[in-house]
Amino acid sequence: MATEAPRTAIALPGLRVGQRATLLRWRWEDSYAGSGCQRYNVDCRQNQDQSIVNYEKEQQVALAAVVMAAQLCQNVRRQPDFSTLTKADRSPVTLADLGAQALVCQHLLAAFPQDPIVGEESADILQKPENASLLRDVTDFVKPFLPQATATAVIDWINGGNAQLGPRYWTLDPIDGTKGFIRGDQYAIALALIEEGQIKLGAIAAPALPMALNQLNPEIGVVFMAVAGGGSQIRPLSGGAFQRIQTRPVTDITQVQPIESLESTHSDRPRQQALAAHLDIQRTPVALDSLAKYGIIARGEADLFLRIPLAQYAANYRENIWDHAAGAIVLAEAGGQVTDLDGKPLDFTIGPKLSQNRGIVATCGSIHQQVIAALAELGI
Ligand SMILES: [Mg+2]
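No experiment lies behind these values; they were computed from the predicted model shown.

J.: Hey, could you go over the overall build of the chain for me, with residue numbers and the actual values?
T.: Regarding its fold elements, the chain presents eleven helices and 16 strands. A buried classification covers 49% of the 380 residues belonging to the chain. When contacts within the chain are restricted to residue pairs at least 6 apart in sequence, those whose partners lie at least 24 apart make up 73%.

Next up, the structure:
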């Protein structure tokens, strides 16, 4: 990571770029043969402690919602072509982002009508006359899951995700990694429940992510689920039992496996490289879209993820709560740690932005303080 070595893009079986998948398997097997993450066969119902029992309905609703939204996204991605628009902030939005938000919000509002939902998308774009065909498309993709869907209902469901924060609220990214979704790479549906500023539940559906990166012919599509105090678990998107996941206990920081976004604007690469050089981190980062990166660290396949705001944005750039909440609890409950660049906990009480936090440091746990100290030494 210390040099300009090429990054390894994670391209996965079943997607367009099969050759890169072969390269990836070789890299991971070469690095970690025999050292896979610690897994336990867990029957979550028999192992629930009190804190999980308290959130049983929330888990069931969140799981059903993200799985359904993932199916909608996959249905959209199977189309030879699908509608993509550019939002005011110049980021892309597709009919799948909007349809997924409609599905998840409808589910949450039906089960927990008092809970505010703070989601990424708004239906404003669908209410413009020039986007009438997009509204029809979104409604058509929602209907197989909610036969009562009409254009008006879809708009209401999407806008149900535009609430303000409350003492208890949900935050939703209906597609995290929209550019990856469009490209045919990784993306995720991310949902988290927050009470009094504490993340209590996180559910992530990653429809294009293999169950394990170092296996030949792994099942594709996973769900991560974590509940505060109850551990972090993984399950195939297609169904089956949840299994407990744990981070790798890395003790030698030079052997850390970094992971980063494919999008070069998400973090300051030169400063990441300066940190890697300072800590003598030997491994080249792997690159992957979406907050599935948190899940990959949580299941022991990587160890370090940084979001260092680009220098030109650093003064005022802040992260969105929906880009990190679900990932942060999945990683923390698996033994990892997530803070900002100053080592401060993420503050989910302010608004849609993590306005009290500068950047993100997500690690397997054992190396966290060493990374924070190094960032301070480098003035990052
Ligand atoms: Mg999004």
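Okay, back to it.
J.: Just give me the short version of the nonpolar core, but keep the residues and values in it.
T.: Within the largest apolar cluster, 107 residues are counted, with the highest numbers of intra-cluster contacts made by Val-66, Ala-69, Ile-189, Leu-191, Ala-192, Ile-204 and Ala-205. Lining this core are residues from two domains, each supplying at least three of them: domain 1 (8–35 + 247–377) and domain 2 (50–245). Excluding residues within four positions of it along the chain, Leu-191 makes contact with Ala-62, Ala-65, Val-66, Val-104, Trp-170, Leu-172, Ala-203 and Ala-326.

J.: Hey, could you go over helix H8 (residues 269–279) for me, with residue numbers and the actual values?
T.: For H8, the full list of buried residues reads Arg-271, Gln-272, Leu-275, Ala-276 and Leu-279. With its buried residues spanning 145 degrees around the axis, H8 presents them on a single face. Where H8 is buried, its residues contact strand S12 (259–260), strand S14 (304–307) and helix H11 (368–377). After H8 finishes, the residue Asp-280 shows a positive phi value of roughly 60 degrees.

J.: Outline the pairing of strand S7 (residues 188–195), supporting the account with residue identities and numerical values.
T.: With seven of eight residues buried, S7 lies mostly within the body of the structure. Where strand S6 (residues 168–176) lies against S7, seven bridges are found, and the strand directions are antiparallel. Within S7, the residue paired with Asp-176 across the bridge is Ala-188. As paired elements, S7 and strand S8 (residues 198–210) share seven bridges and run antiparallel to each other. Across the sheet, residue Ala-192 finds its bridge partner in S8, namely Gly-202. Here S7 folds back onto S8, and the loop between the two strands holds two residues, one of which, Glu-196, carries a positive phi near 50 degrees.

J.: Now, about the packing of helix H3 (residues 56–77) against helix H4 (residues 95–111): what can you tell me, with residues and values included?
T.: At a minimum axis separation of 9 Å, H3 and H4 run at an interaxial angle of 160 degrees. With respect to each other, H3 and H4 are oriented roughly antiparallel. The chirality of how H3 crosses H4 is right-handed. When H3 is examined against H4, the residues Lys-57, Val-61, Ala-64, Ala-65, Val-66, Met-68, Ala-69, Leu-72, Cys-73 and Val-76 are found in contact with a partner set consisting of Leu-95, Ala-96, Gly-99, Ala-100, Leu-103, Val-104, His-107, Leu-108 and Ala-111.

J.: Any details on the sheet that holds S14? Residues and values, ideally.
T.: In space, the three strands of this open sheet follow the order S14-S16-S15, with antiparallel pairing throughout. Either end of the sheet is taken by a strand with one partner, and the two such strands are S14 and strand S15 (337–339). Pairs of neighbouring strands in the sheet enclose a mean axial angle of 5 degrees, with direction left out of account. Across four bridges, S14 lies against strand S16 (residues 360–363) in antiparallel orientation. Bridging across to S16, Leu-304 finds its partner in Thr-363. Sheet strands touched by H11: S14, S15 and S16. Its angle to S16, the strand with the most contacts, is close to 150 degrees.

Conventions used here
Residues numbered from 1 in each chain as written. Predicted model: local features only at pLDDT ≥ 70, side-chain atom pairs only at ≥ 80, totals over all residues. Helix = DSSP H or I, 4+ residues; strand = E, 2+ residues; numbered from the N terminus. Buried ≥ 20, exposed ≤ 12 C-beta atoms within 10 Å, placed from the backbone. Contact = placed C-beta atoms within 7 Å. Core = buried A, V, L, I, M, F, W, Y, C linked by C-beta atoms within 7 Å. Domains from an automatic or database assignment. Arc of directions from axis to C-beta. Pairing = 2+ DSSP bridges. Axes fitted to C-alpha atoms, helices over the stretch in contact; angles between N-to-C directions. Parallel < 35°, antiparallel > 145°, perpendicular 65-115°, else oblique. Left-handed = near helix turned anticlockwise from the far one by under 90°.

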